[in-house]
Amino acid sequence: MNKFKAAFLRFMSGRYGNDSLNNLIFGLSIVIYLVNAFFIRNYFVGLFSQLLLLVVLFRMFSRNWYKRQAENNKYMVLTRPIRLRVSCLVKQFKDKDRRYFLCPNCQQIVRVPKGRGKIEIDCPKCHHSFERKT
Ligand SMILES: [Zn+2]
């Protein structure tokens, strides 16, 4: 078993591996495959889901770190507003005593006590002031 692990590590050395963009493509591929298998049943949609899996494998085994990292960075920048909102909602869901807002200027998550009515919030990062109802 150790021999197999060593061989795998040797094979993967210098290769890109996994990242957030790959996780998204992999998830999309599985969802499209399942939706197609149960509802659409179209050959080309199935083929498309398998092509997405090939893209995941290609990116994982790629030796072009620079390009793969640039792709992932682009993806992370594009999805940043969504990820921040989701993170804000998750914090809000876990913490019932406080309200969480995104600073409209710098997108910093700001935490304030709940039930204080309409208050002016001073962002601790950029000191931009904005009003929100708590
Ligand atoms: Zn700010």
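For clarity, every value in this text was computed on a predicted model and none was experimentally measured. (Residues numbered from 1 in each chain as written. Predicted model: local features only at pLDDT ≥ 70, side-chain atom pairs only at ≥ 80, totals over all residues. Heavy atoms only, no water.)

### A closer look at the packing of helix α2 (residues 20-40) against helix α3 (residues 43-61)
Two elements in contact, α2 and α3, have axes separated by 8 Å at closest approach and are oriented at 160 degrees. With respect to α3, the axis of α2 lies roughly antiparallel. You can see that α2 and α3 cross each other, and the crossing is left-handed. Listed contacts from α3 to L21, N22, I25, F26, L28, S29, I32, Y33, N36 and I40 of α2 are V45, G46, F48, S49, Q50, L52, L53, V55, V56, R59 and M60. (Axes fitted to C-alpha atoms, helices over the stretch in contact; angles between N-to-C directions. Helix = DSSP H or I, 4+ residues; strand = E, 2+ residues; numbered from the N terminus. Parallel < 35°, antiparallel > 145°, perpendicular 65-115°, else oblique. Left-handed = near helix turned anticlockwise from the far one by under 90°. Contact = heavy atoms within 4.5 Å.)

### Some words on the coordination of the zinc ion
At the metal site, the zinc ion is ligated by C103 (SG), C106 (SG), C123 (SG) and C126 (SG), and these contacts range over 2.2 to 2.3 Å. The coordination sphere of the zinc ion comprises four donor atoms, whose angles at the metal cover 107 to 112 degrees; the geometry is tetrahedral. Read in sequence order, the donor residues for the zinc ion give the motif C-x2-C-x16-C-x2-C. Here the residue C106 occupies a position in the loop between β1 (98-102) and β2 (109-113), and C126 occupies one in the loop between β3 (118-122) and β4 (129-133), the gap between them amounting to 20 residues. Overall, the relative accessible area of 28% leaves C126 in the partly exposed class. (Donors = N, O, S within 2.8 Å, 3.2 Å for Na, K, Ca; no water. Tetrahedral: all angles 85-135°; square planar, octahedral: opposite > 155°, others 65-115°. Buried < 20%, exposed > 50% of the residue type's maximum accessible area, 1.4 Å probe, protein only.)

### Details of the nonpolar core
F101, C103, C106, V110, V112, I121, C123 and F130 form the largest nonpolar core, which has eight residues in total. When neighbours within four sequence positions are excluded, I121 is seen to be in contact with F101, V110, V112, H128, S129, F130 and R132. Residues L21, L52, V56 and Y75 belong to the second largest nonpolar core, which totals six residues. (Core = buried A, V, L, I, M, F, W, Y, C linked by side-chain atoms within 4.5 Å.)

### Some details on α2
In a regular helix each residue adds 1.5 Å, so 21 residues correspond to 30 Å; α2 covers 28 Å between its end C-alpha atoms and thus fits that length. Residues of α2 that are buried: L21, N22, I25, S29, I32 and N36. For α2, the angular spread of buried residues about the axis comes to 100 degrees, placing them on one side. Across from the buried face of α2, at angles greater than 90 degrees, the exposed residues are F38 and F39. Against the buried residues of α2 lie α3 and α4 (65-94). Where α2 begins, one side-chain oxygen reaches toward the backbone nitrogen of L21, 3.3 Å away; that side chain belongs to D19. Positive phi appears at R41, one or two residues downstream of α2, with a value of about 55 degrees. (Expected span 1.5 Å × (residues − 1). Arc of directions from axis to C-beta. Polar contact = N/O pair within 3.5 Å; in protein donor to acceptor, adjacent residues only side chain to side chain.)

### Here's the deal with the UniProt feature "transmembrane region" (unreviewed entry) in the protein
Under the feature "transmembrane region" (unreviewed entry), the UniProt entry names residues 21-40 and 46-66. Secondary structure across residues 21-40 comprises 100% helix and 0% strand; the distance between its end C-alpha atoms is 26 Å. Secondary structure content for residues 46-66 is 86% helix and 0% strand, and the end C-alpha separation is 31 Å. (UniProt positions renumbered as here; feature names shortened; annotations may be inferred.)

### Describing the packing of α2 against α4
The geometry of α2 relative to α4 is characterised by a closest axis approach of 8 Å and an angle of 75 degrees between their N-to-C directions. When the axes of α2 and α4 are compared, the pair comes out roughly perpendicular. From α2, S20, L21 and L24 reach across to α4, where they touch E71, N72, Y75 and M76. Per-class residue counts for the contact of α2 with α4 are four nonpolar, two polar and one charged. (Nonpolar A, V, L, I, M, F, W, Y, C, P; charged D, E, K, R; others polar.)

### Considering unusual backbone geometry
With a phi close to 55 degrees, R41 is a non-glycine residue in the positive phi region. Note on placement: R41 falls in the loop between α2 and α3. Positive phi outside glycine occurs at H127, with the angle close to 60 degrees. Tracing the sequence through the fold places H127 in the loop between β3 and β4.

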